[in-house]
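Residue-level structural notes
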Amino acid sequence: MKQLNNIKAVTDALDVAMEKWNEVVVYGEDVGFEGGVFRATEGLQKKYGEERCFDAPISEAIYIGAALGMALNGLKPVVELQFQGLGWASLQNILGHMGRMRNRTRGKYPAPIVIRTPMGGGIRALELHSEAMEVIYAHTPGIKVVCPSTPYDTKGLILAAIESPDPVIVLEPTKLYRAFKQEVPDGFYTVPIGEGFKIFEGNDITVVTYGAQTVDCQKAIEQFEEKHPDLSVELIDLRTIKPWDRQMVFESVKKTGRLLVVHEAVRSFSVAAEIMASVTEECFEYLKAPLARVTGYDIVIPFDSGEGYHQVNPTKIFAKLEEIINFKF
Amino acid sequence: MKYINKFDPQKDQVVRILDVDGKVIDEKLLPKISDKQLIEAYKLMNLSRRQDDFQNKAQRQGRLLSFLSSTGQEACEVAYALAMVKGQDWLAPGYRNNAAWLTAGMPMHNIMMYWMGNEFGGQSPQGVNLLPPNIIIGSQYSQAVGIAFAEKYKKTNGVALTSTGDGGMSEGEVYESMNFAKLHELPVVFICENNKWAISTPYAKSTKSLNVAVKGIAVGIPGIKVDGNDFLASYAVASEAIEFARQGNGPVLIEFDTYRLGAHSSSDNPDIYRPKPEYEEALTKDPLIRMKKYLIDKKLWTEKKQTALDEEQDLFIRQEFDYAEAHKDYPLEDVFNYLYETKTPELEAQYQEAAAFFAANPNAKGGHH
Ligand SMILES: Cc1ncc(C[n+]2csc(CCOP(=O)(O)OP(=O)(O)O)c2C)c(N)n1
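Throughout what follows, the structure given in this document is the object of discussion. Not measured: the values here are computed from a predicted model.

1. Examining the overall build of chain A
When helices and strands are tallied, chain A shows 12 helices and 14 strands. Projected onto the principal axes, the alpha-carbon positions of chain A cover approximately 60 × 40 × 40 Å. Counting all 329 residues of chain A, 64% fall into the buried class. Contacts spanning at least 24 positions in sequence make up 81% of the contacts within chain A whose residues lie at least 6 apart. Entry remark: accessible area of chain A is about 12,300 Å², with carbon and sulfur atoms responsible for 53%. For chain A, the distance from the average site of its 35 positive side-chain charges to the average site of its 44 negative ones is 3 Å.

2. Digging into the packing of helix α4 (residues 108–116) of chain B against helix α11 (residues 303–326) of chain B
All names here are of chain B. Relative to each other, α4 and α11 sit at 50°, their axes nearing to 8 Å. It follows that α4 is oblique to α11 by the angle criterion. With respect to the hand of their crossing, α4 and α11 are arranged in right-handed fashion. Contacts from M108, H109, M112, M113 and M116 of α4 reach α11 at F316, I317, E320, F321, Y323, A324 and E325. Partitioning the contact of α4 with α11 into residue classes produces 9 nonpolar, 1 polar and 2 charged.

3. Here we look at the site of the ligand
Around the ligand, the structure places 20 residues, and the nearest of them are E60 of chain A together with Y95, R96, I135 and W197 of chain B. In this structure, the ligand is bordered by residues of chains A and B. Side-chain polar atom of D166 of chain B to an oxygen atom of the ligand: 3.2 Å apart, as the coordinates give it. Within the backbone of G168 of chain B, an N or O atom sits 2.8 Å from an oxygen atom of the ligand. If the ligand stood free it would expose 580 Å²; the protein chains cover 96% of that surface. Tallied by class, residues from the shell around the ligand come to 9 nonpolar, 6 polar and 5 charged.

Parameters at a glance
- Every chain is numbered independently, its residues counted from 1 as its sequence is written.
- For naming, the first written chain is A and the first written ligand is 1, with later ones following in the order written.
- Local features are withheld for residues below a pLDDT of 70 in this predicted model, meaning they are given only at 70 or higher, and side-chain atom pairs are given and counted only at 80 or more; totals for whole chains, interfaces and linings count all residues.
- In computing side-chain properties, one takes all heavy atoms of the structure into account and sets aside hydrogens as well as water.
- Only runs of H or I of at least four residues qualify as helices and only runs of E of at least two qualify as strands under DSSP, and these elements are numbered from the N terminus.
- Per-residue accessibility, obtained with a 1.4 Å probe over protein chains only, is compared with the maximum for each type, and a residue is labelled buried under 20%, exposed over 50%, and partly exposed between these values.
- Contacts between residues were defined by any pair of non-hydrogen atoms, one from each residue, lying within 4.5 Å.
- Surface accessibility follows the Shrake-Rupley procedure with a 1.4 Å probe radius. Residue values consider only the protein chains on display as shielding.
- We count Lys and Arg on the positive side and Asp and Glu on the negative side, and we leave His and both chain ends out.
- Charge positions are represented by NZ for Lys, CZ for Arg, CG for Asp and CD for Glu.
- Between N-to-C directions, angles cover 0 to 180 degrees, with each direction set by a line fitted to C-alpha atoms, over the stretch in contact for helices.
- Should an angle fall under 35 degrees it is taken as roughly parallel, and over 145 as roughly antiparallel, whereas 65 to 115 is taken as roughly perpendicular and any remaining angle as oblique.
- The crossing is said to be left-handed when, going from far helix to near helix, the turn is anticlockwise and less than a right angle, and right-handed when the turn is clockwise.
- In this count, Pro and Cys sit with the nonpolar residues alongside Ala, Val, Leu, Ile, Met, Phe, Trp and Tyr, while Asp, Glu, Lys and Arg are called charged and the others, Gly among them, polar.
- Whether a residue is near a molecule or strand is decided by its heavy atoms; if any one of them lies within 4 Å of it, the residue is near.
- Pairs of N or O atoms within 3.5 Å make up the polar contacts considered here, provided that, within protein, one atom can donate a hydrogen while the other can accept it, and that residues adjacent in sequence are counted only when both atoms are side-chain atoms.

What follows is the structure, encoded as structure tokens:
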């Protein structure tokens, strides 16, 4: 066991994977010598050589195309996209090829690629460095999308992603990279893709979230329960966005009768929309209040001066919890 | 033509007029430029350098977010921006083009506001055809191609300039843009400021190409390599390239051979990856020093004038910074107002929701203010 923050948990996961599987290669912009702009791959080139961990020229379209070729030819590429908003060129290959390869070849050529990329804002970054585009990836058939929020989950989900026979996109909340540390087991272990995690048990409202908002939700819920000592809120960290843990969410909503979904991505056509639609389909007769969401607005992610308006925060979540609990038919 | 198609990039020939001591190497290569313009250019180079220094300090005090400095690259940036015809030509810059923006007419306080995280900083004044900093590497090349297409279509005679780094030359979009521009014989000048580093990735890890200028050959456009730390050579070639494109000869690719003297960005530490001897050698080729020596030799400049200029410019920079700081925040409606010409009903509802929320929770904007 050692105490790691999220970024060190990434490094540890990659180290374990490279040790375990000779086929794992790691690349992306500045990933080799420097260890990436966030230092997630620090030390790997030194340990495993330039052939297995290297800097790629700035050509995002090629990374995934090349990874596809590597994957269907027996390697396990782990690609770092430096920032989501700067990786549009890669979508050509992510949407057009990566997600479809297994289907197109009727199983002959699966594409077990792992793409790691930072997600989300609240870090005073430049334009296009704070995007949360999980829906684009999640909307694409053939791709799995995970979003760990703790060091334990980060390591376990990355290892599960590398072990997975299908392409997985790992979204790493930038704001949490160095936010806190946690005990992480040495060596190999996985966190199963598709399983949520209950942070709090509760009876009156179900809150579903992932990524950096797990922290905001905890704060809001603590505040809410202080004000309403007779009420309790169940908090679910999805951990995997696609396929999400429908069972866990449905069971919880059937118990509480109330649902709030929280994420920083823009609202329309969002993960919240998907979960709310599914809960309506599956749990309608259990509901005691309208389903609710706290999300970013449908706006271009503002630069720093305006970002605070857009960011989800505990106050926004708290206000919504009040609204839900006070709802009367 | 004096330079284009005369200097062969396949032989790695470089246009150079001033040596590192600011002495003219070849009188025949000198461009037409007045003494007044030379001084103006030098002042702009000096201004951009001092702005970079000031911003670095402000960034460390937390008064500025990250930004990317032009330190070391001022000669070519001022040169190509000065060679543009204001109000007619266009610049689609990258993010590391401070000296070029200033020269092309972006008010300094706008640039500062941009790096403070205020979108209004990206709005160029009326009559200045200048796009905001481009963060997505490569896409400024295709935008410039579109601008040039429209100029040709409308017969308005403007030329589009666009700049990226040596790392950016690996982007497919860059190649695609050059190919498209040549097919349509568009008036566009493609610029690469080869400062040798793409964050921590050196030129040798980005390409095996002899130089950047030869990358024009595959698409049939002339490429020319210039000493980008030599203002005179940079100005000479940029002016010729702009006129070449304006006359309907199609695009040109210019490689400015230069060096990034600063960090990649204010959150980067080049000491980790950059060999010290390389950096120290680059310091001896500082474009400002060369230009200053040249001007002093020509009796156009003195140390006394330099002291006065530094003081005047530092005062100006502080005033611009104060203005930017005082204007860096904006009200909630501004994040909703510029998405569509008129807000969609959904967006209007979201705005009303947000307005009510922030009225009830004035401190909930949170973050950093
Ligand atoms: C499409 C895209 N991918 C990645 C990045 C992240 N990034 C920012 S600067 C940079 C290096 C660019 O180097 P170069 O083109 O040589 O320009 P320089 O910064 O040296 O002027 C990278 C990889 C980006 N901005 N855009």
